[in-house]
Amino acid sequence: MTQDELKQAVARAAIEYVVEGEIVGVGTGSTANFFIDELAKIKGSIKGAVASSEATAERLRSHGITVLDLNQVDSMPVYIDGADEITPFGAMIKGGGAALTREKIAASVAGKFVCIADGSKLVDVLGNFPLPVEVIPMAQRVVARKLAALGGEPRLRLKDGVPVLTDNGNLIIDVLGMQIPDPAAMEAAINNITGVVTVGLFARQGANVCLLGTPDGVRKLIF
Ligand code: 5RP
């Protein structure tokens, strides 16, 4: 099976977590896109969706799914999103698509975080994937120095030679060379740096369920 077929399989499996008549939180990225395509097939049975990025909102709308502003929503039963890495304990690195802040905000409102990922994302220790940190532009250099002091190698994220801007108008610093044995402690330490908006560690509030795509079928991990 290709990686896309594995992503499609978990996207399909995630539909069972969508609660009829309710709002569903939707993540960002290629796996989340497959999920949106599946969600479109049952769009008549949900109240609407909260999007974790402008790209996701656009894809939801293109399928005729109602997109609600999070400020209109007090609670939602489930948030469904991909991950760049996930541990056997449900801690994740996210933000490969630069949507980490809105992802973390939307997930914080949901009763349950369902992570959908192909099997390559399961790791024992987080950190091989560069850790994304969303930063206020004027704080880029000072935050980079502090991330280096934590043992990482900070790199400003560029696309076509130009700094990537998040949907919130901020920069992304990717931190290479981090081994993160205690993700919750690292999440707190980085979030505590002045100028950091969000770190892409989802450990203090990680996944509740992970649907992992493997050649033998969808494995379900419950945390
Ligand atoms: C976007 C994310 C994505 O969930 C993460 O990058 C995984 O993406 P993909 O499903 O394309 O592998 O955090 O900010």
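Being a predicted model, the structure only gives us computed values, none of them experimental.

K.L.:
Help me out: how do you make sense of the side chain of Lys-7 in this one?
P.N.:
Inspection of the secondary structure assignment puts Lys-7 in helix α1 (residues 3-14). It turns out Lys-7 is buried and unbridged, and the closest side chain with the opposite charge, Asp-118, is 4.4 Å from it. At a separation of 2.8 Å, a polar atom in the side chain of Lys-7 contacts the side chain of Ser-30. If near-sequence neighbours (up to four positions away) are discounted, Lys-7 is found in contact with Ser-30, Thr-31, Phe-34 and Asp-118.

K.L.:
What should I look at first to understand the packing of helix α2 (residues 30-39) against helix α3 (residues 54-62) in this one?
P.N.:
Geometry of a packed helix pair, given as the angle between the helix axes and the separation of the axes. Orientation of α2 relative to α3, taken along the N-to-C sense of each, is 25°, at an axis distance of 10 Å. Relative to α3, α2 is oriented roughly parallel. Between α2 and α3 the crossing geometry is right-handed. From α2, Asn-33, Ile-36, Asp-37 and Leu-39 reach across to α3, where they touch Thr-56, Arg-59 and Leu-60. Of the residues belonging to the contact of α2 with α3, the class tally is three nonpolar, two polar and two charged.

K.L.:
What should I look at first to understand the site of the ligand in this one?
P.N.:
Taken together, 17 residues surround the ligand, and among them Ser-30, Thr-31, Asp-84, Gly-95 and Lys-121 come closest. Within the side chain of Glu-103, one N or O atom sits 3.0 Å away from an oxygen atom of the ligand. Here an oxygen atom of the ligand and a side-chain polar atom of Lys-121 are 2.7 Å apart. With the chains in place, 91% of the 380 Å² that the ligand exposes on its own is no longer accessible. Among the cavities detected, the one that contains the ligand is the second largest pocket.

K.L.:
Got a minute to help me understand the packing of aromatic side chains in this structure?
P.N.:
Describing an aromatic ring pair means giving the distance of the ring centres and the angle of the ring planes. Applying the stated criterion across every chain yields a total of two aromatic pairs. Ring geometry for Tyr-79 and Phe-113: centres 5.1 Å apart, planes at 70°, overall edge-to-face. Taken as a pair, Tyr-79 in strand β4 (residues 76-81) and Phe-113 in strand β7 (residues 110-118) lie far apart in primary sequence, 34 residues in all. Here Tyr-79 matches Phe-113 in class, with each residue buried. With a centroid separation of 6.4 Å and 80° between ring planes, the pair formed by Phe-113 and Phe-202 is classed as edge-to-face. Of this pair, Phe-113 sits in strand β7 while Phe-202 sits in strand β14 (residues 201-202), placing them 89 residues apart in sequence. Feature note: the residues Tyr-79, Phe-113 and Phe-202 constitute an aromatic cluster, connected by ring pairs. When the ring centre of Phe-202 is taken as origin, the NZ or CZ atom of Lys-94, which lies over that ring, is 5.7 Å away. Lys-104 extends its terminal NZ or CZ atom over the ring of Phe-202, reaching a point 5.0 Å from the ring centre.

Rules behind the numbers
- Residues numbered from 1 in each chain as written.
- Predicted model: local features only at pLDDT ≥ 70, side-chain atom pairs only at ≥ 80, totals over all residues.
- Heavy atoms only, no water.
- Helix = DSSP H or I, 4+ residues; strand = E, 2+ residues; numbered from the N terminus.
- Buried < 20%, exposed > 50% of the residue type's maximum accessible area, 1.4 Å probe, protein only.
- Lys, Arg positive; Asp, Glu negative; His and termini not counted.
- Salt bridge = Lys/Arg side-chain N within 4 Å of Asp/Glu carboxyl O.
- Polar contact = N/O pair within 3.5 Å; in protein donor to acceptor, adjacent residues only side chain to side chain.
- Contact = heavy atoms within 4.5 Å.
- Axes fitted to C-alpha atoms, helices over the stretch in contact; angles between N-to-C directions.
- Parallel < 35°, antiparallel > 145°, perpendicular 65-115°, else oblique.
- Left-handed = near helix turned anticlockwise from the far one by under 90°.
- Nonpolar A, V, L, I, M, F, W, Y, C, P; charged D, E, K, R; others polar.
- Near = heavy atom within 4 Å.
- Areas by Shrake-Rupley, 256 points an atom, 1.4 Å probe, with all protein chains shown as cover.
- 1 Å grid on protein atoms, 1.4 Å probe; cavity = no way out; pocket = protein on both sides within 12 Å on 5 of 7 lines; lining within 4 Å.
- Sits in = over half its atoms within 2 Å of the grid points.
- Phe/Tyr/Trp six-rings, centres within 6.5 Å; stacked < 30°, edge-to-face > 60°.
- Lys NZ or Arg CZ within 6 Å of the ring centre and 35° of its normal.

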